[in-house]
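Coordinates in review
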Amino acid sequence: MQYVSTRSGTVHSSASQSFSEILLGGLAPDGGLYLPAEYPQVTGEELSAWRKLSYADLAFEILKKFATDIPAADLKAITRKTYTAAVYRNARAGDDASQITPLHVLDEQLGRGGGKTLMLQALSNGPTLAFKDMAMQLLGNLFEYTLSKNNAELNIFGATSGDTGSAAEYAMRGKKGIRVFMLSPHKKMSAFQSAQMFSLQDPNIFNIAIVGVFDDCQDMVKAVSNDLEFKVRQKIGTVNSINWARVVAQVVYYFRGYLLATTSNDQKVSFTVPSGNFGNICAGHIARMMGLPIDKLIAATNENDVLDEFFRTGVYRVRKSAETYHTSSPSMDISKASNFERFIFDLLDRDGDRVRALFQKVETHGGFDLSGKPGSDGDEFVKIAQYGFLSGKSTHQDRLDTIREVQDEYDITIDTHTADGVKVAREHVAPGVPMIVLETALAAKFNETILEALGTDAERPAGFENIEDLPQHFEVMPADVELVKVFIAKHTGL
Ligand SMILES: *Cc1c(COP(=O)(O)O)cnc(C)c1O
């Protein structure tokens, strides 16, 4: 399996790479994102056989179609080490942790007429209580495997406002050949989020709290990645949401959700996905392109509705910092959707030249328009329905109402991001097609809003009771990239 850039699009271009080659990298050299030269297809026979598999072995079957340059036995060992009940131990009471992503039927009679089924697929039972563990835990093991094979080392440098940084640190802690340097805005994360990251005592994890806001942290990461000499000498890598291995790891749970919700392959399901950078739902698109019988893929956004606007109008308009709201579903507070280019590449029949032009226009004009109206950049909006995409948006008040309703009606506490999903899913659920909402975090992570909605604290999984009281380990620094570079060099010795 070869990979191509969304800005070139042909296998014969110099950008064409194998899975292991793109594993540790970020953007393609031409500024595009990597996608397989063609999507591997899944047959009905395979799908039927996969109904009996454990999550780990299902992950192996899917990944081996993409990671063709990793020996099968090694890949199987990696998936079996990653997807265990011990790693995904934070399942709700009554759930079977060995299911990894247990499925809950919330309602089989929605809308009184009946036949409308609403389900919740729990993706947040990993170490940091958010779905990013699903991919990041695999990435940690894949990185360690690849690095040890080449006797190499890697220093991961990134910025986080919460979920990504902690998922990366819990995936990379104690891994041979890997260090993590993670910037976060000093005193701007929730007490729970900082405690999760800063209580790690592993010598390969370095938390740097920057006196500033998240944008300052991100600017520093950009400055370092533009300093090629430093980047190469310090063996700097990233694990941001455009990483291809993260996307492909997420494809697995769409298959899993489908197989758990159906009994035969002629049934269809729909998914509603709380969306920010379009990484999670992009994996759903890929599962669908592989032949998984998905009816609708519904992007749920919060007040930061870049994606909802696109799927309603065909206009992609990125937001300025001042137009990006801080909401109570903060992991979806994005100004542009960094994985969106992957879907646009398919929507434009893989025309890399047009994709390049459109995303250059995002830089120069803040967006593009595929509505087909006079003066627009194309008329592909009419084709979106063929890909099953729909969307909806949710506000703070919707989150409070939905958290309360789901608690009252189904006796389950959901987090704020999942609440955005449930709110939008209810607007789109159709008779005879199970609607699966992806649960992207556990409520304990966003307790402030749970308290506001329910008047009581969210339940904390075992082991998290006193996390804020644990000793914390972090360095406070001004927003000065030179100081951060000195810090990195001192600890890598490179
Ligand atoms: C990251 C995140 C999202 C958004 O996922 P994308 O892949 O960026 O669309 C949604 N919910 C939670 C809890 C997250 O951490």
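One structure accompanies this document, and this report is about it. (Residues numbered from 1 in each chain as written. Predicted model: local features only at pLDDT ≥ 70, side-chain atom pairs only at ≥ 80, totals over all residues. Heavy atoms only, no water.)

Some details on the site of the ligand
The line we're drawing: Here a residue is near a molecule or strand as soon as one of its heavy atoms is found within 4 Å of it. Any pair of nitrogen or oxygen atoms within 3.5 Å is treated as a polar contact; in protein, a donor-acceptor pairing is required on top of that, and neighbouring residues in sequence qualify only through side-chain atoms on both sides. The accessible surface values rely on the Shrake-Rupley method and a 1.4 Å probe; as for residues, cover is taken only from the protein chains in view. Classification used: nonpolar for Ala, Val, Leu, Ile, Met, Phe, Trp, Tyr, Cys and Pro, charged for Asp, Glu, Lys and Arg, polar for all others including Gly.
Neighbouring the ligand are 15 residues; K132, D163, G276, N277 and N280 lie closest to it. Residue K132 places a side-chain N or O atom 2.5 Å away from an oxygen atom belonging to the ligand. In this structure, G279 approaches the ligand through a main-chain N or O atom, which is 3.2 Å from an oxygen atom. Coverage of the ligand by the protein chains reaches 97% of its 390 Å² of free accessible surface. For the shell around the ligand, the residue count by class is five nonpolar, eight polar and two charged.

Examining the packing of helix α6 (residues 163-172) against helix α7 (residues 191-198)
For the record, the criterion: Only the contacting stretch of a helix is used when fitting its axis, a line to C-alpha atoms as for every element, and angles between N-to-C directions run 0 to 180 degrees. Secondary structure follows DSSP: runs of H or I at least 4 residues long count as helices, runs of E at least 2 residues long count as strands, and numbering of each begins at the N terminus. Here is the rule for angles: anything less than 35 degrees is roughly parallel, anything more than 145 is roughly antiparallel, 65 through 115 is roughly perpendicular, and the remaining ranges are oblique. Two helices crossing with the near one rotated counterclockwise from the far one by less than a right angle form a left-handed crossing, whereas a clockwise rotation gives a right-handed crossing. Working rule for contacts: check all heavy atoms of both residues, and any pair within 4.5 Å makes them a contact.
For the pair α6 and α7, the least separation of the axes is 9 Å and the interaxial angle reads 25°. Looking at the two axes, α6 sits roughly parallel to α7. Both α6 and α7 take part in a crossing whose hand is left-handed. Here α6 contributes D163, G165, S166, E169 and Y170 to the contact with α7, which in turn contributes Q193, Q196 and M197. Grouping the constituent residues of the contact of α6 with α7 by class yields two nonpolar, four polar and two charged.

A few points about the packing of helix α13 (residues 340-347) against helix α14 (residues 352-365)
Each pair of packed helices can be described by the angle between their axes along with the distance between the axes. The interhelical angle for the contact between α13 and α14, taken along N-to-C directions, is 140°, at an axis separation of 9 Å. Compared by their axis directions, α13 and α14 come out oblique. The two elements α13 and α14 cross, and the hand of that crossing is right-handed. In contact with F340, E341, I344 and F345 of α13, α14 contributes G352, V355, L358 and F359. Split by residue class, the contact of α13 with α14 holds six nonpolar, one polar and one charged.

Describing the sheet that holds strand β13 (residues 389-393)
Selection rule: When DSSP finds two or more bridges between two strands, those strands count as paired.
Across the sheet, six strands lie side by side as β3-β4-β14-β9-β10-β13; this open sheet has mixed pairing. Strands with a single pairing partner mark the edges of an open sheet, and in this sheet they are β3 (103-107) and β13. Sheet twist, expressed as the mean angle between neighbouring strand axes with direction ignored, is 25°. Taken together, the five bridges between strand β10 (residues 294-301) and β13 define a ladder with parallel strand orientation. Paired with T301 across the two strands is K393, which belongs to β13. Strand contacts of helix α11 (residues 279-289): β9 (269-274), β10, β13 and β14 (435-439), with the helix running at about 170° to β10, the strand carrying the most contacts.

A look at a nonpolar patch on the surface
Rule in force here: Residues enter a patch when their relative accessible area is above 30% and they make no salt bridge; the linking distance is 9 Å between like charges and 5 Å between nonpolar side chains (Val, Leu, Ile, Met, Phe, Trp, Tyr). Only one rule defines a salt bridge in this text: a Lys or Arg side-chain nitrogen within 4 Å of an Asp or Glu carboxyl oxygen. For each residue, the accessible area found with a 1.4 Å probe, counting protein chains only, is set against the maximum for its type, and the residue is called buried under 20%, exposed over 50%, and partly exposed in between.
A cluster of nonpolar residues, V211, F474 and V476, forms a patch on the protein surface that exposes about 240 Å² of accessible area. Its location among the elements puts F474 in the loop between α17 (447-454) and β15 (475-478). Judged by its relative accessible area of 33%, F474 falls in the partly exposed class.

Thoughts on helix α12 (residues 306-313)
Of all eight residues that make up α12, six are buried, and the element is covered over most of its length. Along α12, the positions that sit buried rather than exposed are V306, L307, D308, E309, F310 and F311. For α12, the elements touching its buried residues are β10, β11 (315-317), α13, β12 (367-369) and β13. Phi turns positive, to about 85°, at G314, one or two residues after α12.

Any functional reading would require information that these geometric values do not contain.
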